[in-house]
There are 2 protein chains.
Amino acid sequence: MTLNERLTAYSKLVEQQLLTYIQPEEDKGQGIIYEACRYSAMAGGKRLRPALVLEFCRVCGGDQQAALPFACALEMIHTYSLIHDDLPCMDDDDLRRGKPTNHKVYGEATAVLAGDGLLNLAFETASDPKNTAMVSAETQVQAIRALSRASGMDGMIGGQVLDMAAEETRISLDQLKTLQELKTGALIGVAAQLGCLIGHASEEQMAAALEYARCIGLAFQIQDDILDIEGDAETFGKSIGSDAENGKSTYPSLLGLERCHELVHELSQQAVDALTPFTDAGILPELALSLADRQK
Amino acid sequence: MTLNERLTAYSKLVEQQLLTYIQPEEDKGQGIIYEACRYSAMAGGKRLRPALVLEFCRVCGGDQQAALPFACALEMIHTYSLIHDDLPCMDDDDLRRGKPTNHKVYGEATAVLAGDGLLNLAFETASDPKNTAMVSAETQVQAIRALSRASGMDGMIGGQVLDMAAEETRISLDQLKTLQELKTGALIGVAAQLGCLIGHASEEQMAAALEYARCIGLAFQIQDDILDIEGDAETFGKSIGSDAENGKSTYPSLLGLERCHELVHELSQQAVDALTPFTDAGILPELALSLADRQK
């Protein structure tokens, strides 16, 4: 299978499975909250995180079906974070992937509850009794611990807090790195970790997977910053570096665009090189390189 | 120990332990979010839910220390729900237990994240590797499943959704019961369930504990409604039943005050009677009866 075929297959699998999870056991009148959750969970997106869970599990020799609930749980957490990020008191976004944001469609109160609901559902999914046929209780607890740590206040939420603080003051390159490692790196890291856990990776493979995830997470963020600037420059004819002039520190504002382009390529290659403990790394090398060439 | 001595001892234990959990592993600049969590988690309250976890575990012959992380996790979930409930887009409350609400002190964005953070931390706590010394991985997964189901969209969050809908239309007694069973009953039920799980209760004891929790949860809610009306009547000289006239269905508006008083006493007694499978039910009978006599 080519990279895109494999990614499309994973997306379909995850989306089908998400739909079966995001349903009430019995509708007692609360059905609207599930509808709000499905709206955001089914709004497209690359499904990068669940793909990493499934592919790392596969290249470790693990069973894709065993990894699927955890891939879905992670995607639920990613989706909840987008719903809450878009709220008026947060980024106040009206559109996400070209569609009205959750609170624009369902109202703020329902959007807060839909986010909360998806976060809960992630842990319901990860502790589903059906999982025990394929994943030991010990591994389930480890996976739940990893998920909650990555999405919590020492992970993604911590990064959101740093990001809010960075709106008000210039930050250093080291601080920007910490911010990104928490805000976006933690969930990408745990995707690799979950795949390896369920696939019974060796310690060496687990370390390699985490290094791969670190590199592509950082490359992804730098590429995002580059695309923001080049997009802005194209669309609005703004001078490059205007984000920095607006006071927000980004990789291009701190390192310059040219160095950023280089870094994205270096990090992608570093990600590929990290994969040596896997005899067949599947789509992972090509995926890393494709992120560097990514356009909006 | 008397009821109050026992409850005070449980409160102290839970509060000490909560403080150790609500700390960053390493402060990378995200410390403010932990401060916001501690603010709400330490704002007092009866600690009824963790007390039920600990006491049910004890009367089953289980180890209090084993139940403590799960008691704390449940209290974190209760606290997160209060923070989000108070938000401007939800109940828009400025005060909670006489103190400014979380968003009044830390701002709305931080309050949203503090709620999210506590919900995550509940699952970090329930899956803490330290727990494995005293609780099997199988039991941990069952506890995590029970917690997430009770607090999720088929539990507490579902109840919040029904409650929002009930602001706009009169509801029947059956609908009000469903609303209360989900919104407040689910977390009280899971408190009893967690205590029994960790304490290795028999099936008969588990069923008895759930029936006890159902009765006191309902009694608690009806007593709350009574106190709301009698408090309003005292404070503002409003006519009894004004809540109902304002369009919101409550137990007193649907059943009358006198019947509500009777029901609270009947349910408390029913809770006590349910406890026969426990040779020594500790403070549980007295606790049930005290809820019926509760004043604001």
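Keep in mind the model is a prediction, meaning the values are calculated, not measured.

Thresholds, definitions, all that
Residues numbered from 1 in each chain as written. Chains lettered and ligands numbered in written order. Predicted model: local features only at pLDDT ≥ 70, side-chain atom pairs only at ≥ 80, totals over all residues. Least-squares fit on C-alpha atoms with pLDDT ≥ 70 in both. Axes fitted to C-alpha atoms, helices over the stretch in contact; angles between N-to-C directions. Helix = DSSP H or I, 4+ residues; strand = E, 2+ residues; numbered from the N terminus. Parallel < 35°, antiparallel > 145°, perpendicular 65-115°, else oblique. Left-handed = near helix turned anticlockwise from the far one by under 90°. Contact = placed C-beta atoms within 7 Å. Nonpolar A, V, L, I, M, F, W, Y, C, P; charged D, E, K, R; others polar. Domains from an automatic or database assignment. Buried ≥ 20, exposed ≤ 12 C-beta atoms within 10 Å, placed from the backbone. Expected span 1.5 Å × (residues − 1).

Enquirer: It is not clear to me how the relation of the copies chain A and chain B should be interpreted in this structure. Could you clarify?
Expert: A rotation about an axis combined with a shift along that same axis relates the two copies of the chain. The two copies are related by a screw operation: chain A maps onto chain B through 180 degrees of rotation and 0.0 Å of translation along the axis, at an RMSD of 0.0 Å. Each copy turns onto its partner about a two-fold axis. It is A:Ala137 whose C-alpha, among those of chain A, lies nearest the rotation axis, at 2.7 Å.

Enquirer: So what exactly am I meant to see when it comes to the packing of helix H4 (residues 64-85) of chain B against helix H6 (residues 108-126) of chain B here?
Expert: Between two packed helices, what matters for the description is the angle formed by their axes and the separation of those axes. Residues and elements named next belong to chain B. In the contact formed by H4 and H6, the axes pass within 8 Å of each other and the chain directions differ by 165 degrees. Classified by the interaxial angle, the pair formed by H4 and H6 is roughly antiparallel. Helix-helix and strand crossings are classified by hand; for H4 and H6 the assignment is left-handed. For the pair H4 and H6, contact is made by Pro 69, Phe 70, Cys 72, Ala 73, Met 76, Ile 77, Thr 79, Tyr 80, Ile 83 and His 84 and by Ala 111, Ala 114, Gly 115, Leu 118, Leu 119, Leu 121, Ala 122, Thr 125 and Ala 126, respectively. Residues belonging to the contact of H4 with H6 are distributed by class as follows: 15 nonpolar, four polar and no charged.

Enquirer: It is not clear to me how the domain arrangement of chain A should be interpreted in this structure. Could you clarify?
Expert: A common way to report how large an interface is uses the accessible area buried once the components associate. All names here are of chain A. Domain annotation of chain A identifies domain 1 (1-201) and domain 2 (203-296). For domain 1 and domain 2, the distance between their C-alpha centres works out to 21 Å. In this complex, domain 1 contributes 23 residues to the contact, which on the side of domain 2 involves 25 residues. Counting only elements with at least two residues in the side of domain 1 that touches domain 2, the list comes to helix H1 (3-21), helix H3 (48-59) and helix H9 (173-198). Looking at the side of domain 1 that touches domain 2, its residues break down into 13 nonpolar, five polar and five charged.

Enquirer: So what exactly am I meant to see when it comes to unusual backbone geometry here?
Expert: All names here are of chain B. In this structure, Asp 92 is a non-glycine residue whose phi angle is positive, near 55 degrees. Considering the arrangement of structural elements, one finds Asp 92 in the loop between H4 and strand S1 (95-96). For Arg 97, which is not a glycine, the phi torsion comes out positive at approximately 50 degrees. Relative to the helices and strands, Arg 97 is located in the loop between S1 and strand S2 (99-100). On the basis of neighbour counts, which here come to 10 C-beta atoms within 10 Å, the residue Arg 97 falls in the exposed class.

Enquirer: Before we go on, may I ask you to explain helix H7 (residues 137-151) of chain B in this structure?
Expert: Turn by turn, an α-helix covers 3.6 residues, leaving residues three or four places apart pointing in a common direction. For H7(B), with 15 residues, the first-to-last C-alpha span of 21 Å sits near the 21 Å given by 1.5 Å per residue. Among the 15 residues in H7(B), 12 count as buried, and that is most of the element. Residues of H7(B) that are buried sit in contact with helix H6 (108-126) and helix H7 (137-151) of chain A together with H4, H6, helix H8 (156-166) and helix H9 (173-198) of chain B.

Enquirer: I would appreciate a short explanation of H9(B) in the present structure.
Expert: Its 26 residues place the ends of H9(B) 35 Å apart at the C-alpha level, agreeing with the 38 Å of an ideal helix rising 1.5 Å per residue. The buried fraction of H9(B) is high, at 21 of 26 residues.

Enquirer: Whenever I open this one, the interface of chain A and chain B confuses me. Can you help?
Expert: Each partner contributes residues to the interface: chain A has 46 residues there, and chain B has 46 residues. Per-element tally for the side of chain A that touches chain B: the top contributor is H6(A), with 11 residues. For the side of chain A that touches chain B, the per-class residue count stands at 24 nonpolar, 13 polar and nine charged.

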